[in-house]
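One-letter residues, chain by chain:
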Amino acid sequence: MPIYEYRCDDCGHELEVLQKMSDAPRTECPACGEPTLKKLISAAGFRLKGGGWYETDFKSGQKKNLHDGGKKDSTPPCAKTGSCPAAE
Ligand SMILES: [Zn+2]
């Protein structure tokens, strides 16, 4: 069962909640009782698997950059971490 992180917009209270994927998100803060809880997206959930960004870039015609990987002026820093938004 995944753990979701929530943070209250009103009082800043943070909590982790074990929920099924199918459960409705919680909105009520247990600390202040306001319906201001917001679900946080954990970084792990955004981690791309197996070089998905690479394939996307490849298909969009940037394979030249990838092959010239040593060129400092053609590879944005984020490419190394895989955090680049998909290039169009
Ligand atoms: Zn609160």
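Keep in mind that this is a model prediction, so the values were computed, not measured.

> Before we go on, may I ask you to explain the overall build of the protein chain in this structure?
The secondary structure content of the protein chain amounts to 4 helices and 3 strands. Per-residue burial over the protein chain gives 5% buried out of 88 residues.

> Please explain the sheet that holds strand 1 (residues 3–8) as it appears in this structure.
Paired through their backbone hydrogen bonds, the strands of a sheet run either parallel or antiparallel. Here 3 strands make up an open sheet; going across it, the order is 2-1-3 and the pairing antiparallel. The open sheet has two edge strands with one neighbour each: strand 2 (14–18) and strand 3 (37–40). Direction aside, the axes of adjacent strands within the sheet are offset by 35° on average. Pairing between strand 1 and strand 3: 4 bridges, direction antiparallel. Across the sheet, residue Glu5 finds its bridge partner in strand 3, namely Leu40.

> What should I look at first to understand the pairing of strand 1 in this one?
Here is the key point about a regular strand: its side chains alternate between the two faces of the sheet. Bridge count between strand 1 and strand 2: 5 bridges; the pairing is antiparallel. The partner of Tyr6 across the bridge, within strand 2, is Leu15. The loop that links strand 1 with its antiparallel partner strand 2 comprises 5 residues; one of these, Gly12, has a positive phi angle of about 80°.

> In this structure, what is going on with the environment of Ile3? I would like to understand it.
Considering the arrangement of structural elements, one finds Ile3 in strand 1. Judged by local crowding, Ile3 falls into the exposed class, with 9 C-beta atoms found within 10 Å. Along the backbone, Ile3 and Leu18 are 15 residues apart, and their C-alpha atoms lie at a distance of 4.5 Å. Setting aside its immediate chain neighbours within four residues, Ile3 contacts Glu16 and Leu18.

> Whenever I open this one, the environment of Pro25 confuses me. Can you help?
Mapped onto the elements, Pro25 comes out in the loop between strand 2 and strand 3. For the pair formed by Pro25 and Lys38, sequence separation is 13 residues and the distance between their alpha carbons is 8.6 Å.

> Got a minute to help me understand the environment of Leu18 in this structure?
Topologically, Leu18 is positioned in strand 2. In sequence terms Leu18 and Pro2 are 16 residues apart; their C-alpha atoms lie 6.0 Å from each other. Not counting residues within four places of it along the chain, the set of residues in contact with Leu18 comprises Met1 and Ile3.

Thresholds, definitions, all that
- Numbering of residues begins from 1 in every chain and follows the order in which that chain's sequence is written.
- Reporting of local features is limited, given that this is a predicted model, to residues whose pLDDT is at least 70; pairs of side-chain atoms are given and counted only at 80 or more, and all residues count toward the totals for whole chains, interfaces and linings.
- Starting at the N terminus, helices and strands are each numbered in turn, a helix being any DSSP run of H or I of at least four residues and a strand any DSSP run of E of at least two.
- Whether a residue is buried, exposed or partly exposed is read from the other C-beta atoms within 10 Å of its own C-beta, which are placed from the backbone; 20 or more gives buried, 12 or fewer gives exposed, and intermediate counts give partly exposed.
- Any two strands with at least two DSSP-identified bridges between them are counted as paired.
- The axes are straight lines fitted to the C-alpha atoms, using for helices just the contacting stretch, and the angles between their N-to-C directions are given from 0 to 180°.
- For every residue pair, C-beta atoms are placed from the backbone, and the pair is scored as a contact if these atoms sit within 7 Å.

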